[in-house]
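# Architecture at a glance
Listed below, chain by chain, are the residues.
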Amino acid sequence: MTDLVQQLTDEHQEIVKRFADNPYVALSFSDGDPPRKYEVEYKIKGGVRQEDGSVGISEIHLVSILLPFGYPNFPPNCKPLTPIFHPDFDSAAICISDFWNESKSLPGLISYIGRMISGQVFGSEHAFNPEAAKWYLGHVNRLPFDSVDFGKGVEDVGVETDGEIELNLVGSDLPPLEEVDTLIIGEQVGLDGKRSLDSQEERGESLDLVIEKPAEHSEQAAAPQGDVSLGASQLQSSPDVVPEDQVEGKTEKEGEGDDLAAIYAEEQVLKKKNLIRTVAVGSICLLVLSAAYFLAMDIFNYQKAESSWQGTDDLLNQHRYKEVKAKGDLALVEISKLKVLKKSDAERLRKEIEALLKTKDFQGGLVGKTLYEGSYVKKETIPVRKAVKASMEKGHGAIAVEEWGSALLSFQEAQELAESIQLDDQETLAVLERAIEKSRLNQLIKKGSEHLGAGELNDAITIFQKASELANAGADIDAEKIAFIHQSLDKALLQKFIKEGEGAFTAVQLDKALSSFEQALLLAEKETSAAPEYARGIRKSIQQINLYQLLEKGKTEYEASEWGAALLSFQEALRFILDEAFGYPELASNETAIRKKILQVSLKLRENEAANYRVQKKLAEVVEEKLRIIEQIENSPFKDDPEFMEIVEHSRTAISNLNFEIDIARKINYLIENYQEIFQANHSLAHSATLRYPVVVFLQEDGENQLYNLKCTGYTSTGKISLELNYSYDVGAKKWALFNRK
């Protein structure tokens, strides 16, 4: 398992352990095992931008964290998946470079982003979202949105960098978020809790639209109404049935009753017919009078509408828009009253009035705006608009001479002025946004290049990382500019890795040095690399480290008397040089030293073997090893080296001594094998005894004679006896003889 895989595995395990039971963080991960992509759901309060432009609160936020190639030296790519309102959040990226440069901890990063969302941490310089930065700085006393503790470890502590603010307001007496006037979800509400309206009508400034009804029309309407009431009264007072007393009277006079009843019935029928005629005539009169009334009212209302609308041209020329609006509203009211006549004329007049009242110019003039550069604007905003224009011209002038810092300040000043009057010129705002983005990006590039040129690599890396994040998030960034940023960042990282590798090599931290140089080589060999000339030198350093590792390994084994292992390590180092010498002839300078070391180790092996043979008293084998030592030295290019000449001399002396020892050993073996005959020939007691246990000791060399002492034990019929005599060997004559010491 590589170091990177092990690190990713350890971090993943720590993340799972840390956030397993955390109620504020939910994780999902993918792209490998261990994973290289995390999606984090934060269940905390944080700012969001509402559809109507206001700032609101959400308690669910999603963030994507992707581990790129080169991680952890390249920071994770962090992106919000929900609209988070924060100075360091853009729709395409989250600024984490300050944190990552201080603490390359993925678990810590997850907690850090949560603290950013909750408003506990935010940056004030080089903000991705300048609008959010301004809002946060203006509402510090209302932060954080949430005081959630994500379980801080050492790596979670806020990073202290220029322009970054970390809040810790837990337990402070802040008003609840619902009381904040600028964070209202839905309609805008003023500080007093009331709806804020713009137009006069919405503020309750009503128009006086009192219409007096003409008296003559009222009188005309009264007559038919009176006739109707009279008809109804008459109808109610006419009897429909015969009175009871008259019916009862019929029984009093039966002779006259029938005639009277007939006469009475005829009278009642006649009365009913007269009543019906009266009601019909009254109804017809009423209808005629009503029609006459409505016709008269239509004529009157249309005339009043025309009269109300007259004179508006003069009022418009005098910019008296409110009076025009009042006259138009009055005319429309009169038009709405028309029932029968003047329908086509009224429709024409209505369209004319409504068309004028809805025009952009009229609407602008109505709310007190003045024509400025082709648009109606509020008069009091004109000086600010001029200041915005002046700041933008100043910024563009600074861009022309590549004074990016001055340009950025000018454009930011223009943006603040535009926000102060709530400028609705989208084109100007878009130009400002692009100019700020361009100035900020180029300022970062300039500062990063200065740090890189001065060898201030950490500062250069931090700035180019910010520039890369900003460029990747921008929608209109030149591809050549992005390529330059990436090349500059790679170059800064490349030089940093080389510097770290050289330092580790000097400190004999070979593994660390090798890792740094290998990362540097990856950057130098990239297709888009800005410094391919570094590649050969880096490869040479890597080969030197590999060689040095082999030599250090062999040296360690040599000092531990592990001769066989040391020989293999030095031989591998020699093969490495021979294989790589064609591409890097500088390595060949080590060949002689390594060959000499190989010879030294080989001789140590033979000396060790000879010592083992001596312990086993295999002197002939010892001599053979000594002869091989001499032969190996004399056949090597180091035979004239004083060190090895001395070894040869010692070996020859040892061989001479060994040969003498071998000769003595042979003589002793001869005497032991023949001790009975020697004692019987030279000792009087030996004939009558059984001889056992011979012991032979070499005494000395006296000229050409070698003297030996022989001892043995004899057993006779009378008991045990010890026999001893001295025997000599004449080296020149090669003969044995009894030697009698006197």
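Residues numbered from 1 in each chain as written. Predicted model: local features only at pLDDT ≥ 70, side-chain atom pairs only at ≥ 80, totals over all residues. Heavy atoms only, no water.

## Considering the overall build of the chain
Stated formally: Only DSSP runs of H or I reaching four residues or more are called helices, and only runs of E reaching two or more are called strands; each is numbered from the N terminus. Using a 1.4 Å probe on the protein chains alone, a residue whose accessible area is under 20% of its type maximum counts as buried, one over 50% counts as exposed, and one in between counts as partly exposed. Residues are treated as being in contact if the distance between any of their heavy atoms lies within 4.5 Å. A 1.4 Å probe and the Shrake-Rupley method give the accessible areas. Residues count as covered only by the protein chains that appear here.
Counting secondary structure elements, the chain contains 23 helices and 14 strands. Burial status across the chain gives 38% buried among its 742 residues. When contacts within the chain are restricted to residue pairs at least 6 apart in sequence, those whose partners lie at least 24 apart make up 59%. In the structure as shown, the chain presents an accessible area of about 42,500 Å², 51% of it carried by carbon and sulfur atoms.

## Digging into the nonpolar core
Our working rule: The term nonpolar core refers to a set of buried residues drawn from Ala, Val, Leu, Ile, Met, Phe, Trp, Tyr and Cys, joined through side-chain atoms within 4.5 Å.
Counting 38 residues, the largest nonpolar core has L441, I485, L493, L494 and I538 as the members making the most contacts within it. Where this core is concerned, the elements lending two or more residues are helix 14 (426-453), helix 15 (457-473), helix 16 (479-506), helix 17 (510-524) and helix 18 (534-559). It is helix 15 that provides the largest number of residues to this core, a total of nine residues. Once you skip the residues sitting within four places of it in the chain, L441 turns out to touch A467, L470, A471, I477, K481 and I485.

## Details of the environment of K596
Within the secondary structure, K596 is located in helix 20 (residues 591-615). It is 7.4 Å that separates the C-alpha atoms of K596 and F638, two residues lying 42 residues apart in sequence. The residues contacting K596, other than those within four sequence positions of it, are F638, D641, E643 and F644.

## Re a nonpolar patch on the surface
For the record, the criterion: For patch building, the residue pool is restricted to those with more than 30% relative accessible area and no salt bridge; the joining distance is 9 Å between like charges and 5 Å between nonpolar side chains (Val, Leu, Ile, Met, Phe, Trp, Tyr). Each salt bridge in this description consists of a side-chain nitrogen of Lys or Arg and a carboxyl oxygen of Asp or Glu lying within 4 Å of one another.
Side chains of V695, V697 and L699 sit close together on the surface and give an oily, nonpolar patch of about 210 Å² of accessible area. Relative to the helices and strands, V695 is located in strand 11 (residues 690-702). Residue classification places V695 among the partly exposed residues on the basis of a relative accessible area of 43%.

## Points about the environment of A513
Relative to the elements of secondary structure, A513 occurs in helix 17. Spatially, the C-alpha atom of A513 lies 8.8 Å from that of F497, the residues being 16 residues apart in sequence. Excluding anything up to four places from it in sequence, A513 contacts G501, A504, F505 and I545.

## Section: helix 13 (residues 404-420)
For clarity, the cut-off: Each residue after the first adds 1.5 Å to the expected span of a helix. Note that the arc is defined by the directions from the helix axis to the C-beta atoms.
Taking 1.5 Å as the rise per residue, helix 13 with 17 residues should run 24 Å; its terminal C-alpha atoms sit 24 Å apart, in good agreement. Taken residue by residue, helix 13 has W404, A407, L408, S410, F411, A414, Q415 and A418 as its buried positions. End-on, the buried residues of helix 13 take up no more than an arc of 165°, which puts them together on one face. Turned more than 90 degrees away from the buried face of helix 13 sit L409 and S420, all of them exposed. Q422 sits one or two positions beyond helix 13 and adopts a positive phi of about 50°.

## Focus: the packing of aromatic side chains
Let me state the cut-off plainly: Working definition: a ring pair exists when centres of Phe, Tyr or Trp rings (six-membered ring for Trp) sit within 6.5 Å. Plane angles under 30 degrees give stacked, over 60 give edge-to-face, the rest tilted. Geometrically, a lysine NZ or arginine CZ counts as sitting over a ring once it is within 6 Å of the ring centre and also within 35 degrees of the ring normal.
The final tally for this structure, using the stated rule, is 19 aromatic pairs. With a centroid separation of 6.5 Å and an interplanar angle of 50°, the aromatic rings of F85 and Y136 are classed as tilted. Taken together, the positions of F85 in the loop between strand 6 (77-80) and helix 2 (97-102) and Y136 in helix 4 (residues 130-138) put the pair 51 residues apart, joining distant regions of the chain. Both residues of the pair, F85 and Y136, count as buried. Ring plane angle 20° and centroid distance 4.5 Å describe the contact between F99 and Y112, whose orientation is recorded as stacked. Within this pair, whereas F99 is found in helix 2, its partner Y112 is found in helix 3 (residues 106-117), the two being separated by 13 residues in sequence. Across the pair, exposure class does not vary: F99 and Y112 are buried alike. Over the ring of Y558 we find K597; its NZ or CZ atom is 4.6 Å from the centre of that ring. The ring of Y729 carries K667 above its face, with NZ or CZ at 4.3 Å from the centroid.

## What to know about the sheet that holds strand 14 (residues 735-739)
This is how the line gets drawn: Should DSSP find at least two bridges between two strands, the strands are taken to pair. Between the N-to-C directions of two axes lies an angle of 0 to 180 degrees, each axis being a line fitted to C-alpha atoms and, for a helix, fitted only over the stretch in contact.
Sheet architecture is open: four strands sit in the order 11-12-13-14, paired in antiparallel fashion. At either end of the open sheet lies a strand with only one pairing partner, and these are strand 11 and strand 14. The mean angle between the axes of side-by-side strands here comes to 30°, regardless of whether they run parallel or antiparallel. In this structure, strand 11 lies alongside strand 12 (residues 705-716), joined through ten bridges in antiparallel fashion. Counterpart to T690 in the pairing with strand 12 is Y715. Docked against the sheet, helix 23 (residues 675-682) engages strand 11, strand 12, strand 13 (719-730) and strand 14, running at close to 95° with respect to strand 13.

## Details of the sheet that holds strand 6
What the four strands build is an open sheet, ordered 1-2-5-6; its pairing is antiparallel. On the outer flanks of this sheet lie strand 1 (25-30) and strand 6, each paired with one strand and no other. Pairs of neighbouring strands in the sheet enclose a mean axial angle of 20°, with direction left out of account. Here strand 2 (residues 37-42) pairs with strand 5 (residues 61-66) via six bridges, running antiparallel. Across the sheet, the residue bridging to E39 is S64, located in strand 5. The strands touched by helix 1 (residues 3-19) within the sheet are strand 1 and strand 2, with strand 1 carrying the most contacts at an inclination of about 155°. Taken strand by strand, helix 3 contacts strand 1, strand 2, strand 5 and strand 6, and its axis lies near 150° from that of strand 5.

## Description of the pattern of salt bridges
What the rule picks out here adds up to 21 salt bridges. Residue K325 pairs with D329 through a salt bridge whose shortest N-O separation is 2.7 Å. Of the two residues, K325 and D329 are both situated in helix 9 (residues 321-336); the distance of four residues between them amounts to about one turn of the helix. Classification of K325 as buried rests on a relative accessible area of 16%. R628 serves as the salt-bridge partner of E625, at 3.0 Å between the closest nitrogen and oxygen.

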